[in-house]
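Geometric and topological summary
Listed below are the residues making up each chain.
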Amino acid sequence: MADNASVEVAVSVGNQKLNKKASKSKNKDKGADSLKDGTVLKELSPWPEYINDRIKLWDRLKAEYDADVAAKTPESINITLPDGKVVEGQSWRTTPYKVAAGISQGLADATIIAKVNGAVWDLDRPLEGHCSLALLKFDDEDAQQVFWHSSAHMLGEAMERVYGGCLCYGPPIESGFYYDMFYDGKSVSSEDFSCLDSVVKGIMKEKQPFERLEMRKEDLLEMFKYNPFKLRILQEKVTTPTTTAYRCGPLIDLCRGPHVRHTGKVKAFVVTKNSSTYWEGKAEAESLQRIYGISFPDAKQLKEWQKFQEEAAKRDHRKIGREQELFFFHELSPGSCFFLPRGAHIYNTVMNFIKAEYWERGFQEVITPNIYNSKLWEMSGHWQHYSEHMFSFEVEKERFALKPMNCPGHCLMFDHRPRSWRELPIRMADFGVLHRNELSGALSGLTRVRRFQQDDGHIFCTQDQIKEEIRGCLNFLKKVYATFGYSFTLFLSTRPDKYLGEVHVWEDAEKQLEESLDAFGWPWKLNPGDGAFYGPKIDITIMDALKRPHQCATIQLDFQLPERFNLQYDSGEEKKRPVIIHRAILGSVERMIAILTESYGGKWPFWLSPRQSIVVPVGPQFDEYAQTVAKQVHDAGFLCEADLDLGTTMNKKIRNAQLAQYNFIFGR
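Being a predicted model, the structure only gives us computed values, none of them experimental.

1. Quick notes on the packing of helix H12 (residues 341–361) against helix H16 (residues 466–484)
Each packed pair of helices is defined by two parameters, the angle between the axes and the distance between the axes. It is the contact of H12 with H16, at a shortest axis distance of 12 Å, that shows an interaxial angle of 145 degrees. For the pair H12 and H16, the sense of crossing is right-handed. Together, Val350, Phe353, Ile354, Glu357, Tyr358 and Arg361 of H12 and Gly472, Asn475, Phe476, Lys479, Val480, Thr483 and Phe484 of H16 make up the contact between the two elements. Its residues assigned to classes, the contact of H12 with H16 shows 7 nonpolar, 3 polar and 3 charged.

In structure tokens form, the structure reads like this:
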């Protein structure tokens, strides 16, 4: 209790200091506040007091740690490289960087991060015993995440030196990184970016080493007493007596790491955008300023990325959707798309394609309610973990909610009468409308919405049927993605540390998934420990025309919902539990349409196109004939229009049709 009380006091003190610091900065650094008056934003001078206080404590504790490592007696260790070669080293003395340099200096310079016994590891962190060692370059996904995480720290350093705010979270993301900062009611402007870029360039030139230090929780509470957000993290997230922090230059931050060797490894860096957000995404919490960036180990890569962004901007589904009159959004229904006739044509064509496949593959479409009593979600477990993301309301003193997923409703359908083994597998498919209460700041075109539909499927089967059903799901997604022109990658995610159920059931299910993947004949990768708590899963990542990855499809085994809903079937000898396979290929139809729009760049294949054909008459005397042709094409089941605009020449009409991406233009 004493520890908790001290943390609460620390948070209170931190908030008081934060307010004082903010009021001081208003008087001390009018440059940041006066940008609207033409004043140029520049680095604070002097830096905030907390920076020097942090460094003093760090230097003392780091010296103690270095002395402790130096006092350790080194022992001979074997370091096994990926090719099987064994290199000799010394514990607490040999580092991955030294091993890399022993092979070649070029390799050492190109290496971003190491993997020791399968876990990412700082290049300058001493090895502690016999181990396997892999040296990762920037083309490795783990190395990219480490590189961008280190770049986020560099951005954070610049933000402290320019704004003096309180840093919060600064993670790597799919393409780049961001850092959140509390700025006491003030906001960041895009006009600030050049100043931040300039400070970061200086940080790059200084080649500040990234230093790792394991610290006691009480020391960290003292170090970050000025920052109430870091104190919250320590109080609420850190459950161990010690945790790690990293330093580069004057920045010291709570961090698991690892990081690149020094800031000079970053050769190209640019701040890309900014936005507002909430602390930990909670609308009732403090408003934060978020700054995004991207970085690379080579300036050429940044130029390539910038060209890619220009092409991606041309293909932005929101831009194409507006230009081709496919869909729009309105402030009176945020996150819910209005599909215009041409957009609805694409939407329905995609769904009809999936429905035709359902017919061929033995799926039965069902229709389920949109609104359920909260008792259903309590039974499924979603209410305890997901209720804040659901639209709920009271009806006759009972709590109800719009469904965010279909699986609990399908469980009710399975359980509404006794089931026999002869009926299994039962393959249910549902295009029901789903709603999820996404924060307004997180909404983004069709890729993040509140109202959407999925090609949701749930297969109820026996344990022995898993392998065959998984193979059917894999063949299904192969057919769909080949039709869209997507390549894809498969990952098998296995039992996590925190799981429900018996180990032998998990192992048997994982074995069946492995055998299904092997029989499918498509390359796949193991993703150990990344399964859902209720069962192993196959994750599928597709690549669009711009070689961007998207995760849409999922195939998940679930042993827990059958338990929660007490689902049973008669095996002929006894009552048994079915296994549920959650299966989606498109995922959200809205999101898939966004991906298709950008992948095709608005140049739709004929079968999907909302503008399949148009008739352009030579002159008004052929208008009636043009309408006849358009009707004949329409009656044959295809979209066809006639351009009868008297104020436009035939050549102009043809050009307009080309720009509008009509697949066929008929002239007469």
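2. A word on the packing of aromatic side chains
Remark: the centre distance and the inter-plane angle together describe each pair of aromatic rings, the angle taken between the planes. The tally for this structure, following the rule as stated, stands at 34 aromatic pairs. Relative to Phe338, the ring of Phe328 lies with its centre 4.8 Å away and its plane at 10 degrees, an arrangement referred to as stacked. Taken together, the residues Phe328 in strand S14 (residues 327–328) and Phe338 in strand S15 (residues 338–339) connect sequence positions 10 residues apart. Looking at Phe328, the relative accessible area reads 34%, which means it is partly exposed.

3. Looking at the side chain of Arg161
Following the sequence through the fold, Arg161 ends up in helix H6 (residues 141–162). Of the polar contacts made by the side chain of Arg161, one reaches the side chain of Glu157; its length is 2.7 Å. Those residues within four positions of Arg161 in sequence are excluded, and the remaining contacts are Glu43, Leu44, Trp47, Val199, Ile203, Gln208 and Pro250.

4. Some remarks on unusual backbone geometry
The phi torsion of most residues other than glycine is negative, and most of the peptide bonds are trans. That bond from Ser45 to Pro46 is cis: its omega, 0 degrees, falls within 30 degrees of zero. By the element assignment, Pro46 lies in the loop between helix H2 (30–33) and helix H3 (49–71). The linkage connecting Gly257 with the following residue, Pro258, adopts the cis geometry, with an omega of 0 degrees. Among the secondary structure elements, Pro258 is positioned in the loop between strand S11 (251–254) and strand S12 (268–278). The phi angle at Asp184 is positive, at roughly 50 degrees, despite the residue not being glycine. Looking at the element boundaries, Asp184 is found in the loop between strand S8 (176–182) and helix H7 (193–206). According to the relative accessible area criterion, Asp184 is partly exposed, its value standing at 24%. Backbone geometry places Gln661, a non-glycine residue, at a positive phi of 65 degrees. If you trace the backbone, Gln661 turns up in the loop between helix H21 (650–659) and strand S33 (664–667).

5. Some points on the pattern of salt bridges
According to the stated counting rule, one finds 38 salt bridges in the structure shown. A salt bridge links Glu280 to Lys237, with the shortest nitrogen-to-oxygen separation between them at 3.6 Å. Of the two residues, Glu280 is situated in the loop between S12 and strand S13 (287–296) and Lys237 in the loop between helix H9 (228–236) and strand S10 (242–248); the sequence distance between them amounts to 43 residues. Given a relative accessible area of 26%, Glu280 falls into the partly exposed group. For Lys237, a relative accessible area of 48% corresponds to the partly exposed category.

6. Section: the sheet that holds strand S19 (residues 398–402)
Strand order in this open sheet of 3 strands is S17-S19-S18, and the pairing throughout is antiparallel. Each end of this open sheet is capped by a strand with a single partner; those strands are strand S17 (371–373) and strand S18 (392–395). In this sheet, neighbouring strand axes are inclined to one another by 35 degrees on average, regardless of whether the strands run parallel or antiparallel.

7. Structural notes on the side chain of Thr111
Turning to its location among the elements, Thr111 is positioned in the loop between helix H5 (105–110) and strand S3 (113–116). Within polar-contact distance, the side chain of Thr111 engages the backbone oxygen of Leu107 at 2.7 Å. Excluding residues that lie within four positions of it along the chain, Thr111 makes contacts with Leu123, Leu135, Leu136 and Lys265.

8. Here's the deal with helix H20 (residues 623–635)
Spanning 13 residues, H20 covers 18 Å between terminal C-alpha atoms, matching the ideal 18 Å at 1.5 Å per step. Those residues of H20 that fall on the buried side of the exposure criterion are Asp623, Ala626, Val629, Ala630 and Val633. Take H20 and look down its axis: the buried residues cluster within an arc of 120 degrees, on one side only. Away from its buried face by more than 90 degrees, H20 exposes Glu624, Lys631, Gln632 and Asp635. At its buried positions, H20 is contacted by strand S31 (613–616), strand S32 (641–642) and S33. Backbone geometry just downstream of H20 places Gly637 in the positive-phi region, at approximately 100 degrees.

9. So, the environment of Gly321
Tracing the sequence through the fold places Gly321 in helix H11 (residues 317–323). Residues Gly321 and Phe476 lie 155 residues apart in sequence; the distance between their C-alpha atoms is 28 Å. If we ignore the near neighbours within four places in the chain, the residues touching Gly321 are Leu326 and Phe327.

10. Points about the nonpolar core
Counting 54 residues, the largest nonpolar core has Tyr481, Phe484 and Ile538 as its most contacted members. Considering each element in turn, this core owes the most residues, 9 residues, to H16. Those residues in contact with Phe484, other than ones at most four positions away along the chain, are Val350, Phe353, Leu586, Leu596, Tyr600, Trp607 and Leu608. Counting 44 residues, the second-largest nonpolar core is a separate cluster that includes Val188, Val200, Met204 and Leu302.

11. Things to note about the sheet that holds S33
Read across the sheet, 3 strands follow the order S32-S31-S33 without closing on themselves; strand pairing throughout is parallel. The open sheet has two free edges, formed respectively by S32 and S33, since each of these has just one partner strand. Note that S31 and S33 share 4 bridges and pair parallel. When the sheet's bridge partners are listed, Val615 is paired in S33 with Phe666.

The rules behind these values
- Residues numbered from 1 in each chain as written.
- Predicted model: local features only at pLDDT ≥ 70, side-chain atom pairs only at ≥ 80, totals over all residues.
- Heavy atoms only, no water.
- Axes fitted to C-alpha atoms, helices over the stretch in contact; angles between N-to-C directions.
- Helix = DSSP H or I, 4+ residues; strand = E, 2+ residues; numbered from the N terminus.
- Left-handed = near helix turned anticlockwise from the far one by under 90°.
- Contact = heavy atoms within 4.5 Å.
- Nonpolar A, V, L, I, M, F, W, Y, C, P; charged D, E, K, R; others polar.
- Phe/Tyr/Trp six-rings, centres within 6.5 Å; stacked < 30°, edge-to-face > 60°.
- Buried < 20%, exposed > 50% of the residue type's maximum accessible area, 1.4 Å probe, protein only.
- Polar contact = N/O pair within 3.5 Å; in protein donor to acceptor, adjacent residues only side chain to side chain.
- Salt bridge = Lys/Arg side-chain N within 4 Å of Asp/Glu carboxyl O.
- Pairing = 2+ DSSP bridges.
- Expected span 1.5 Å × (residues − 1).
- Arc of directions from axis to C-beta.
- Core = buried A, V, L, I, M, F, W, Y, C linked by side-chain atoms within 4.5 Å.

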